[in-house]
Amino acid sequence: MDGAGESGTGRAAGSGAARAPGAGERHARWLLVVALTVQFLVSLDMSVVNVALPDIRSDLGFGGDGLLWVVNAYALAFGGLLMLGGRLADLVGPRRVLTAGLVLFGLASLAGGLAWSPGSLVAARAVQGVGAAALAPVAFALITLAFPAGPARSRALGLWGMAGAAGGAVGVLAGGVLTDATGWRSVMLVNVPIVAFALAAAARTGPVGGGRRAGARLDVAGALLVTAGTTLLVLGLVRASDHGWGSAVTLASLGAAVILLAAFVAVELRTASPLLRPGLLRGRPVLTANLFCLLLASAQFGAFYFVSLYMQLVLGFGATAAGFAFLPFCVGVVAGSVLAARAVAVLGLRRLMTVGATLAALGMAWFAATATVDGGFLVSILGPSLVCSFGIGLCFVPLGTAATTDVAPGETGMASGLLNSSRQVGGSLGLAVLVTVAAQVTGGSTGLAELSSGYEAAFWAAAGLLALAALAAYVLLPAERKAPGGPAAAERGRGAEREGDAAPR
């Protein structure tokens with residue numbers, strides 16, 4: 001991402017005399033392996049510790065609300081630093097940021113597995129979040145840099161969506177299985193071999209978007225403001241479910257976040273090298289993609305949380321059984337992503353995002369309609385999981401395409417950091433809102449009927465958020481906008497492959 005507009009594969013193709021035939025294709029394949037591994041790893045760690053929390057409490061002696069910070073420390077560091085991580089990839093090169101992020105994440109995971117006190121574990125989770133904030137934007141940017149617009153990129157974006165869904169689902173499953181089999185420390189240590197594999201795969205790739213950009217400067221003021229503002233925003237949303245939306249803690253956090261983010265916007269309008277170029281959001285596809293992502297994540301993250309609670313507290317599933325019950329959700333996302341990679345050139349971004357979000361909303365409404373005390377796996381979990389996840393899977397390819405439409409190669413990290421920030425803030429917002437909705441219905445009762453009624457209300461609210469996402473895609477995206485995967489683009493992609501800039505098929 002050196003501002004020259006060349007991807008790593010582009011440079012490889014340009015030096016065809018020095019490379020054997022097929023070197024560009026192998027380079028692209030290894031870049032894809034790295035991107036998918038990173039996306040899987042980041043998604044895995046957002047959910048893998050949840051099932052292990054009771055064991056962590058008893059072993060390390062967490063008291064009061066301290067246990068929540070095992071989850072919140074990761075979420076706050078991750079959400080607060082995403083924009084900075086994405087822009088650093090643009091300025092100093094994705095390879096440096098990727099390597100630093102992987103090493104940091106791996107060391108933090110090792111420290112977490114060896115934690116001896118509540119403070120040491122929370123600190124390790126926070127450092128993990130810092131590493132994840134560097135890795136998540138790079139994973140997305142690698143795809144946009146390594147694959148030409150067209151069928152190759154659509155296939156890669158479909159796999160990127162699958163990796164994220166698989167990481168979340170496997171995290172829930174692995175958390176239960178590993179905790180039951182070897183103890184809670186293994187849910188932290190399992191990251192170490194994954195990081196080692198990612199580093200080994202990264203070593204197999206060639207140049208990735210260049211190195212440090214000549215004359216490039218980091219917008220320090222903007223970085224400080226957006227990091228502090230986003231962190232306070234996520235903190236306010238996370239604590240709202242515990243303290244209430246009208247509490248002093250929540251209002252102070254959210255108020256300070258608004259002030260800092262407003263100051264960030266003012267700085268970005270004046271600086272010559274902004275962390276987030278304001279003009280980036282003037283493009284309707286980019287703006288719509290981020291709004292869509294925020295709404296999609298709001299529903300998906302919150303509903304994932306409530307499906308787990310419904311299975312364990314109402315239907316009586318154990319931790320491991322609940323983890324296995326999430327696997328159909330992963331299957332649905334994979335199926336939707338595979339179809340989307342083929343259909344996006346025919347339907348275009350607007351139609352596919354609208355259809356996907358509508359199907360996801362219908363699946364969520366199915367969850368709501370069947371979340372009863374006498375529900376069962378087939379009707380209350382399997383059916384709605386497949387419909388909802390298939391719809392979500394349909395969204396990933398057009399969402400990733402829209403988020404980078406008309407974005408310069410030197411700003412792919414910026415666009416990626418923005419999209420990942422929308423996803424993280426959306427997930428925190430959705431969880432806070434849906435927890436509040438459920439709490440209003442249950443009134444603090446732990447009876448099965450009251451719990452199922454609260455979860456039902458949360459599912460209906462999530463369905464409404466997904467319906468809003470479908471409406472946003474339909475209204476805001478230009479009707480004539482097609483993904484760069486139609487016949488003409490496909491021909492351009494084939495032409496690029498003939499020149500050595502090949503992508504894996």
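Residues numbered from 1 in each chain as written. Predicted model: local features only at pLDDT ≥ 70, side-chain atom pairs only at ≥ 80, totals over all residues. Heavy atoms only, no water.

### A word on the overall build of the protein
- Summing up its helical and strand segments, the protein has 18 helices and 0 strands in all.
- For the protein, the proportion of its 505 residues judged to be buried stands at 57%.
- If you take every contact in the protein between residues at least 6 apart in sequence, the share linking residues at least 24 apart comes to 85%.
- Put simply, the protein shows about 18,700 Å² of open surface, and 68% of that area lies on carbon and sulfur atoms. (Helix = DSSP H or I, 4+ residues; strand = E, 2+ residues; numbered from the N terminus. Buried < 20%, exposed > 50% of the residue type's maximum accessible area, 1.4 Å probe, protein only. Contact = heavy atoms within 4.5 Å. Areas by Shrake-Rupley, 256 points an atom, 1.4 Å probe, with all protein chains shown as cover.)

### Focus: the packing of aromatic side chains
- Tallied over the entire structure, the rule returns 3 aromatic pairs.
- When the ring of Phe367 is compared with that of Phe459, the centres are 5.4 Å apart and the planes differ by 25°; the resulting orientation is stacked. Of this pair, Phe367 sits in helix H14 (residues 327-370) while Phe459 sits in helix H17 (residues 448-476), and the two are 92 residues apart along the sequence. Pair check on accessibility: Phe367 and Phe459 agree, each one buried.
- Arg350 extends its terminal NZ or CZ atom over the ring of Tyr474, reaching a point 4.0 Å from the ring centre. (Phe/Tyr/Trp six-rings, centres within 6.5 Å; stacked < 30°, edge-to-face > 60°. Lys NZ or Arg CZ within 6 Å of the ring centre and 35° of its normal.)

### Thoughts on helix H5 (residues 94-113)
- Here H5 contains 20 residues, and its C-alpha end-to-end distance of 28 Å stays within 8% of the 28 Å for a straight helix at 1.5 Å per residue.
- Inspection of H5 places Pro94, Val97, Leu98, Gly101, Leu102, Phe105, Gly106, Ala108, Ser109, Gly112 and Gly113 among the buried residues, and these make up the whole buried set. In an axial view of H5, the angular spread of the buried residues amounts to 165°, which keeps them on one side of the axis. (Expected span 1.5 Å × (residues − 1). Arc of directions from axis to C-beta.)

### Some words on the packing of H14 against H17
- Taken N-terminus to C-terminus, the directions of H14 and H17 make an angle of 170°; their axes are 8 Å apart at the nearest point. Relative to H17, the element H14 is oriented roughly antiparallel. For the pair H14 and H17, contact is made by Arg350, Met353, Thr354, Ala357, Thr358, Ala360, Ala361, Met364, Ala365, Phe367, Ala368 and Ala369 and by Glu456, Phe459, Trp460, Ala462, Ala463, Leu466, Ala467, Ala469, Ala470, Ala473 and Tyr474, respectively.
- Looking at the contact of H14 with H17, its residues break down into 19 nonpolar, 2 polar and 2 charged. (Axes fitted to C-alpha atoms, helices over the stretch in contact; angles between N-to-C directions. Parallel < 35°, antiparallel > 145°, perpendicular 65-115°, else oblique. Nonpolar A, V, L, I, M, F, W, Y, C, P; charged D, E, K, R; others polar.)

### Some points on the pattern of salt bridges
- By the definition in use, this model includes 1 salt bridge.
- Between Asp59 and Arg185 there is a salt bridge whose closest N-O contact spans 3.7 Å. Of this pair, Asp59 sits in helix H3 (residues 53-60) while Arg185 sits in the loop between helix H7 (151-182) and helix H8 (186-189), and the two are 126 residues apart along the sequence.
- Residue Asp59 is classed as partly exposed on the basis of its relative accessible area of 43%.
- Judged by its relative accessible area of 28%, Arg185 falls in the partly exposed class. (Salt bridge = Lys/Arg side-chain N within 4 Å of Asp/Glu carboxyl O.)

### Thoughts on the packing of helix H16 (residues 412-442) against H17
- Between H16 and H17, the least distance of the axes is 8 Å, while the angle of their chain directions is 145°. Crossing handedness for the pair H16 and H17: right-handed. Every residue of H17 that contacts H16 at Leu434, Val437, Ala438, Val441 and Thr442 is listed here: Glu450, Leu451, Ser453, Gly454, Ala457, Ala458, Ala461 and Ala462.
- Here the contact of H16 with H17 is built from residues that sort into 9 nonpolar, 3 polar and 1 charged. (Left-handed = near helix turned anticlockwise from the far one by under 90°.)

### Some points on the environment of Ala223
- Following the sequence through the fold, Ala223 ends up in helix H10 (residues 220-243).
- Sequence separation between Ala223 and Arg87 is 136 residues; the distance between their C-alpha atoms is 9.2 Å.
- Look past the residues within four positions of Ala223 in its chain and what remains in contact with it is Leu84 and Leu275.

### Some points on the side chain of Gln300
- Position of Gln300 among the secondary structure elements: in helix H12 (residues 284-314).
- Of the residues examined, Gln300 reaches a relative accessible area of 17% and is grouped as buried.
- Residues contacting Gln300, with those up to four places away along its chain left out, are Phe329 and Ile392.

### Comments concerning the environment of Leu121
- With respect to the helices, strands and loops of the structure, Leu121 is situated in helix H6 (residues 118-146).
- Owing to a relative accessible area of 0%, Leu121 belongs among the buried residues under this scheme.
- When the C-alpha atoms of Leu121 and Ala108 are compared, they prove to be 9.3 Å apart, with 13 residues separating the residues in sequence.
- Beyond its immediate chain neighbours, meaning those up to four positions away, Leu121 contacts Ile56, Leu60, Phe62, Val70, Gly112, Ala115, Trp184 and Met188.

### Some words on the side chain of Arg125
- Within the fold, Arg125 resides in helix H6.
- In this structure Arg125 touches Asp45, Val49, Val70, Val71, Ala73, Tyr74 and Met188, once residues within four positions along its chain are discounted.

### Here's the deal with the state of the cysteines
- Counted by the stated rule, this structure contains 0 disulfides.
- Here Cys395 stays free of any disulfide, with the sulfur of Cys388 as its closest cysteine sulfur at 9.7 Å. (Disulfide = S-S within 2.5 Å.)

### Structural notes on the nonpolar core
- Ranked by size, the top nonpolar core spans 132 residues in total, and within it Ile56, Leu121, Phe292, Met364 and Phe459 carry the most contacts.
- With 15 residues, the top contributor of residues to this core is H14.
- Contact partners of Met364, with chain neighbours within four places excluded, come to Ala299, Ala303, Cys388, Phe459, Ala462, Ala463 and Leu466.
- Residues Val234, Val238, Leu254 and Val425 belong to the second largest nonpolar core, which totals 9 residues. (Core = buried A, V, L, I, M, F, W, Y, C linked by side-chain atoms within 4.5 Å.)

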